[in-house]
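Here's the letter readout for the chains.
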Amino acid sequence: MAVGEEHRGAAGPSLGARLVDGVRRFFDGDIWYSFTRSPVVMVSAAVTVLFIASAVFAPLVAPYDPFDLASIDLLDSSLPPIWMDGGDPRFLLGTDAQGRDMLSAVIYGARISLGVGFASVVFAMLLGISLGLLSGYLGGTVDAVIMRIADVQLTFPAILIALLIDGLARTVLPRDLHGQVWFYVLVLAIGLSFWVQYARTVRGSAMVERSKEYVQAARVIGIPPLVIMLRHVLPNVMGPVLVIATINLAIAVITEATLSFLGVGVPATSPSLGTLVRVGNDFLFSGEWWITIFPGAALAILVLAVNLLGDWLRDALNPKLR
Amino acid sequence: MTSTQANHPLLRVDNLRIEIPGRRGTLVAVDDISFHIDEGEVLGVVGESGAGKSLTGSAVIGLLEPPCRIAGGEIHFDGRRIDNLPYEQLRRIRGRHVGMVFQDPLTSLNPLYTVGRQLTETILTHNDLSEKGARKRALELLREVGIPAAERRIDQYPHEFSGGMRQRVVIALALCANPRLVIADEPTTALDVSIQAQIITLLKRLCRDHGAAVMLVTHDMGVIAETADRVAVMYAGRIVEVGPVAEVVLRAKHPYTVGLMGSIPLVGHDVERLTQIDGAMPRLDAIPPGCAFNPRCPRAFEPCLRERPELLTVGPVEAACWLHGGTSGGGGGHD
Amino acid sequence: MIAFVVRRLLQSILVLLAVGFIAFSLFTYVGDPINNMVGQDTTLAQRAELRERLGLDDPFVVQYGRFLLNAAQGDFGISYRHRRPVAQLIAERVPATLELSLVAAALALFIGVPMGVYTGLHRRGFLSQVFLALSLIGISLPTFLIGILLILVFGVLSQDINAAIGFHLVPQLPTFGRGDTVQLGWWSTGFLTESGLLALILPSITLALFQMTLIMRLVRSEMLEVLRTDYIKFARARGLSNRAVNFGHALKNTLVPVITITGLQLGSIIAFALITEQVFQWPGMGLLFIQAISEVDIPVMAAYLMLVGFFFVVINLVVDLLYYVVDPRLRADKAVAAGHQ
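Going along each chain's sequence as written, the residues are numbered from 1 onward. Here chains are named by letter from A upward and ligands by number from 1 upward, in the order in which they appear as written. Predicted model: local features are reported for residues with pLDDT of at least 70 only, side-chain atom pairs are reported and counted for 80 or more only, and whole-chain, interface and lining totals are derived from all residues. For the side-chain quantities, the full set of heavy atoms in the structure was used; hydrogens and water were omitted.

S.K.: A description of the overall build of chain A should follow, citing residues and the corresponding values.
M.R.: We count a stretch as a helix when DSSP gives it H or I for four or more residues in a row; a strand needs E for two or more, and each element gets its number in order from the N terminus. From N to C terminus, chain A includes 13 helices and 0 strands. Scanning chain A from its N terminus toward the C terminus, one meets helices and strands in the order α-α-α-α-α-α-α-α-α-α-α-α-α. Counting all 322 residues of chain A, 52% fall into the buried class. What sets the accessible areas is the Shrake-Rupley method with a 1.4 Å probe; for residues, cover comes only from the shown protein chains. With the model as given, the accessible surface of chain A reaches about 14300 Å², and the carbon-plus-sulfur share is 68%. Burial here depends on accessible area, computed with a 1.4 Å probe over protein chains only, as a share of the maximum for the residue type. Under 20% is buried, over 50% is exposed, and the range in between is partly exposed.

S.K.: Lay out unusual backbone geometry in plain terms, naming residues and giving numbers.
M.R.: Residues and elements named next belong to chain B. The backbone of D32 sits at a positive phi, close to 60°, despite the residue not being glycine. For D32, the location among the structural elements is in strand β2 (residues 25-37). Look at D32 and you get partly exposed, because its relative accessible area is 32%. Unusually for a residue other than glycine, E186 sits at a positive phi of about 50°. By secondary structure assignment, the location of E186 is in the loop between β7 (181-185) and α8 (193-210). Since its relative accessible area comes to 7%, E186 is described here as buried.

S.K.: Just give me the short version of the side chain of T188 of chain B, but keep the residues and values in it.
M.R.: Residue and element names in this part refer to chain B. If you trace the backbone, T188 turns up in the loop between β7 and α8. Exposure remark for T188: the relative accessible area of 4% places this residue in the buried category. Leave out the neighbours within four places in its chain, and T188 touches Q196, I199 and I200. The contact rule is simple, with two residues in contact once any of their heavy atoms fall within 4.5 Å.

S.K.: Report on the sheet that holds strand β5 (residues 80-81) of chain B, specifying residues and quantitative values.
M.R.: All names here are of chain B. Two strands are said to pair when DSSP picks up at least two bridges between them. Taking strand neighbours across the sheet as the criterion, the 4 strands line up as β2-β1-β4-β5 in an open arrangement whose pairing is antiparallel. Only two strands of the sheet have a single neighbouring strand rather than two, namely β2 and β5. Relative to β2, strand β1 (residues 11-22) runs antiparallel, the two being bridged by 9 bridges. Bridged to L11 within β2 is I37. Its contacts with the sheet put helix α1 (residues 53-60) on β1, β2 and β4 (69-77), and the angle it makes with β1 is roughly 110°. Fitted lines through C-alpha atoms serve as axes, helices being fitted only where they are in contact, and the angles separating the N-to-C directions of these axes extend from 0 to 180 degrees.

S.K.: Give a description of the sheet that holds strand β9 (residues 230-235) of chain B that names residues and reports values.
M.R.: All names here are of chain B. One open sheet accounts for 8 strands, arranged β6-β7-β8-β3-β9-β10-β12-β11; its pairing is mixed. Only two strands of the sheet have a single neighbouring strand rather than two, namely β6 (98-101) and β11 (312-314). Going from strand to strand, the sheet's axes swing by 20° on average, the running direction of each strand aside.

S.K.: Tell me what's going on with the interface of chain A and chain C, and back it up with residues and numbers.
M.R.: Every contact between the two is made by 39 residues of chain A and, on the other side, 43 residues of chain C. Accessible-area loss on putting two parts together, using a 1.4 Å probe and summing over both, is the definition of buried area adopted here. Surface buried jointly by chain A and chain C totals about 3500 Å² across both partners, of which 81% is contributed by carbon and sulfur atoms. Salt bridges are counted wherever a side-chain nitrogen of Lys or Arg sits within 4 Å of a carboxyl oxygen of Asp or Glu. Counting the contacts that link chain A with chain C gives 1 salt bridge. Where R217 of chain C meets D311 of chain A, a salt bridge forms, and the shortest distance between an N and an O atom there is 3.0 Å. Definition of a polar contact: a pair of N or O atoms within 3.5 Å, with one able to donate and the other able to accept a hydrogen when the atoms are protein atoms, and with sequence-neighbouring residues admitted only if both atoms are side-chain atoms. Here chain A and chain C share 2 residue pairs in polar contact (both at pLDDT 80 or more) between them. Counting only elements with at least two residues in the side of chain A that touches chain C, the list comes to α6 (140-154), α7 (158-172), α11 (225-261), α12 (273-281) and α13 (290-317) of chain A. The greatest single-element share of the side of chain A that touches chain C, amounting to 11 residues, is contributed by α13 of chain A. Residues were grouped as follows: Ala, Val, Leu, Ile, Met, Phe, Trp, Tyr, Cys and Pro as nonpolar; Asp, Glu, Lys and Arg as charged; and all remaining residues, including Gly, as polar. Considered class by class, the residues forming the side of chain A that touches chain C number 25 nonpolar, 8 polar and 6 charged.

S.K.: Give a description of a nonpolar patch on the surface that names residues and reports values.
M.R.: For patches, a residue must show more than 30% relative accessible area and have no salt bridge; joins then use 9 Å for like charges and 5 Å for nonpolar side chains, namely Val, Leu, Ile, Met, Phe, Trp and Tyr. Nonpolar side chains collect at one region of the surface, where I2, V6, L10, I13 and L17 of chain C lie side by side and expose about 470 Å² of accessible area between them. By the element assignment, I13 of chain C lies in helix α1 (residues 2-29).

S.K.: Before we move on, can you summarise the packing of aromatic side chains with the specific residues and values?
M.R.: Aromatic rings from Phe, Tyr and Trp, with only the six-membered ring used for Trp, were paired whenever their centres fell within 6.5 Å, and each pair was classed as stacked if the ring planes differed by under 30 degrees, edge-to-face if by over 60, and tilted otherwise. Taken as a whole, this structure holds 14 aromatic pairs over all chains when the rule is applied. On the basis of an interplanar angle of 85° and a centroid distance of 5.1 Å, the ring pair of Y235 of chain B and F293 of chain B is categorised as edge-to-face. Separated by 58 residues along the polypeptide, Y235 of chain B in strand β9 and F293 of chain B in the loop between α11 (255-262) and α12 (302-306) bring together distant segments of the chain. Its relative accessible area of 2% is what places Y235 of chain B among the buried residues. Here the aromatic rings of F289 of chain C and Y304 of chain C are separated by 4.2 Å at their centres, their planes lie at 15°, and the arrangement is stacked. Placement of F289 of chain C in helix α12 (residues 285-295) and of Y304 of chain C in helix α13 (residues 298-326) is noted, with a sequence separation of 15 residues between them. There is no split in this pair, since F289 of chain C and Y304 of chain C are both buried. An aromatic cluster of three or more residues is present, and its members are W182, F183 and Y184 of chain A. The rule is short: NZ of Lys or CZ of Arg within 6 Å of the ring centre and within 35 degrees of the ring normal puts a charge over the ring. For R94 of chain B, the ring lying beneath its charged end belongs to Y87 of chain B, and the centroid distance is 5.1 Å.

S.K.: Please give an account of the nonpolar core that cites residues and values.
M.R.: We call a set of buried Ala, Val, Leu, Ile, Met, Phe, Trp, Tyr and Cys residues a nonpolar core when their side-chain atoms join them within 4.5 Å. Counting residues in hydrophobic clusters, the biggest one holds 148 residues, and the most contacted among them are L163, L259 and L262 of chain A together with I90, F144 and L274 of chain C. Residues L90, V169, V182 and L260 of chain B belong to the second largest nonpolar core, which totals 105 residues.

S.K.: Explain the packing of helix α9 (residues 194-227) of chain C against helix α11 (residues 242-280) of chain C to me, and be specific about the residues and the numbers.
M.R.: Residue and element names in this part refer to chain C. As a packed pair, α9 and α11 sit with axes 8 Å apart at the nearest point and diverge in direction by 155°. When the axes of α9 and α11 are compared, the pair comes out roughly antiparallel. The hand of the α9/α11 crossing is right-handed. Classifying every residue of the contact of α9 with α11 gives 20 nonpolar, 9 polar and 1 charged. Angle categories: roughly parallel below 35 degrees, roughly antiparallel above 145, roughly perpendicular from 65 to 115, and oblique for all the rest. Take the far helix as the reference: if the near one is turned anticlockwise from it by less than a right angle, the crossing is left-handed, and if turned clockwise, right-handed.

S.K.: Tell me what's going on with the environment of G95 of chain B, and back it up with residues and numbers.
M.R.: Within the element layout of this structure, G95 of chain B appears in the loop between α2 (87-93) and β6. Residue classification places G95 of chain B among the buried positions, given a relative accessible area of 7%.

S.K.: So what about α11 of chain B? Which residues, and what values?
M.R.: All names here are of chain B. Burial within α11 is extensive, with 7 of its 8 residues counted as buried. For α11, the complete set of buried residues consists of P255, Y256, T257, G259, L260, M261 and G262. Looking at the packing, one finds that the buried side of α11 touches β3 (42-46), α9 (221-227), β9, β10 (238-244) and α10 (245-250).

Taken by themselves, the reported measurements are silent on function.
In structure tokens, the structure reads:
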């Protein structure tokens, strides 16, 4: 239960093995047990897996390709879902104003939302862990500068920072170029607004490790600090980092959706769930609610499932709450 | 109960069992223990951490934290059963009749209130006094526990006191309502070694002055030897030996107690023979069959592995050990 | 005390300078301000003259200093798009945003904190489980989606719903703009007219819901944390009443972290207001900012940043001071030295 309190020497199994070991320790019997005991968590996991699978295999799963203009017929536009009057059996969830199948649009939308979400979480994680290690291990001025920046950034909501970075990129980059690089811009914008939590967690652990005797010993015999950090600090923080990453995935998906909803995120040519909601919002008052509600519902269900998973993971990893 | 004073003990605990329900079944943290404390008596409860002694203290005052729970047995205070009282009635006993001193004075006091406020609040809860009278009483208590310049200190916050001074305040808080029993849970463990003796002396003197009995929970046999009238030794959730302190210290019957005695330096004895018990106490989910101490016992023999010994009278003390009688027979032969 | 305040003030000024720097960099290096101000047919000579007049050829530090000086006096230049002073544009929009944020903050605090205390104290109660489940849904629904759902139910479908159940259950509420406002000096308020108040309902609920769930969860977890501490156990061991323990000892200790994070949350309400403003076309600063971003109206963007930065710094300062009032450990640096023996 106690997490990684043993470090007998700097020499040991390879980094890969230690990382695997760290992950394995968190997924030992207790956590698996609590997973199998909670139906809510199991359903959330199933929903999340379903979303990820259908996002990855969207071209195979979706009935139509919403980007294939040849398959879209304006005559099919604004059809309601099949269980309503005027529904068309070809389109389970109806069609949008251009005659696109909503189900396919949602599946492809989730693909983009999850893609941006995952990429920004990975980016934030790498950035945060590196800065946290640097900060905790070097201390002094480096630490002070990094943590001051973190403090200042924490006082601003992530959405505002993401909005600012995205807006900046929009103004700096020529319009046609932005059409190609929006993915990276979004990942940068969202990732940059979430690194602080990782950095703080890793920094704390690195500071604790740094003062331990085996690290001093390892330094004396000439093992590079980087190796020490990777080998001993990283496995210890895998659990908390995993929890933060899970909850961050939910927040990143929401942030992307919000940016897209505000019209500064994913362009309408390859719509994410947020873009779909924004586009559909214009049809809300004319009664074609399904154009906006289905992407919105998909978004809410996805985020709820990931949040539930994150919540459970945090409780399961925190012995205090047991 | 075999004690000669069992007529009307202040506190009587019969067959107490405390369980911790967990994901992999229920752990038994305190297993069927019985003891008593007489009016004005100091009972030392000693054992390694995890032996169940703190849980026993918490159970007596009704503050076991979930998921720990009393699964069996009875607790009687002054002839009245208290373990099954509703929360509100038990609350009236806490502080009023049974005081408690915790281990860490740094965390026992609310950091956001002055010492005086915490004292008067407690005094007013239990006594029918005016605000002014309560403050006067608080000042007396602070002086009594040896806080210098009490008039000034009473309006200070806990963080302005040193560890030893805070523990004095905690003792004052426990004695607010003149309780008849004080449960002191490792009262000196968190303190500086140089202050430990002062606090123990203070606690003992005050309890004697106020006529309060003490249940002194500690892992420090030295403290017990100096302070207690009787001592109960706990191991893995059971009492393995109980008796007058001089008997237990000088002529320990249970090999575990013998080991504990070996690990304290006694003034005037030769220090070379300080010994240590090999190994560690078993985890609650891995208590061996028979006597729980058998894997570490230097004198374990066949019945120890098979059957759990009960507390039996051995001269002036009681011990749970096959070496000292019992139905399995042959135990005494080793002596 | 004074040292503490001075330190905080210095920190705040530093933050403002940093925000100002970002805003100024936007101003100076993103696009060519001259291009944005003049028409196609302006000659090179005229452009050069304008550059000269605006001081765009001065050294960086001079320009930055001038920018800050102007900003401090409320002068943020002329909007590229609206061709009006930015300060004027913003001043028109500030009341709408602040009134919305204020109502939302009040909702979030007065509902979120009691709910958090309740769920913290009655950890395993049925109602607590319901609150917790609701709160998880609350943080999983993006703000804009909540707004859209409210519009759908109370704007678009309310008649249909009432007709379907044959009972006037769902009122029709305004879903667009501020309603009628009353001008008080330069401040326009929606608090004084019926339509203004009605118009506030849906946007403020939308804005409050997310913050409310966050505050509730935060108060709950802090409450649980505090209830586990030794001093709470000791307070119980002293026989204090439940009421005294829960509300006297536990709640006050919960307040310390809650104030900090709640303060930050309230700050972010102003930022999140821009989403709500977009959904309900609420004529506030946020809507102005969103438009400015898509139109690359840099002076407006810079001004909004500076203003939001200023609000945040003020809120943080107030939070720090409150913290100081609640927690004696911060107050007593000199007493500590005297008290320890």
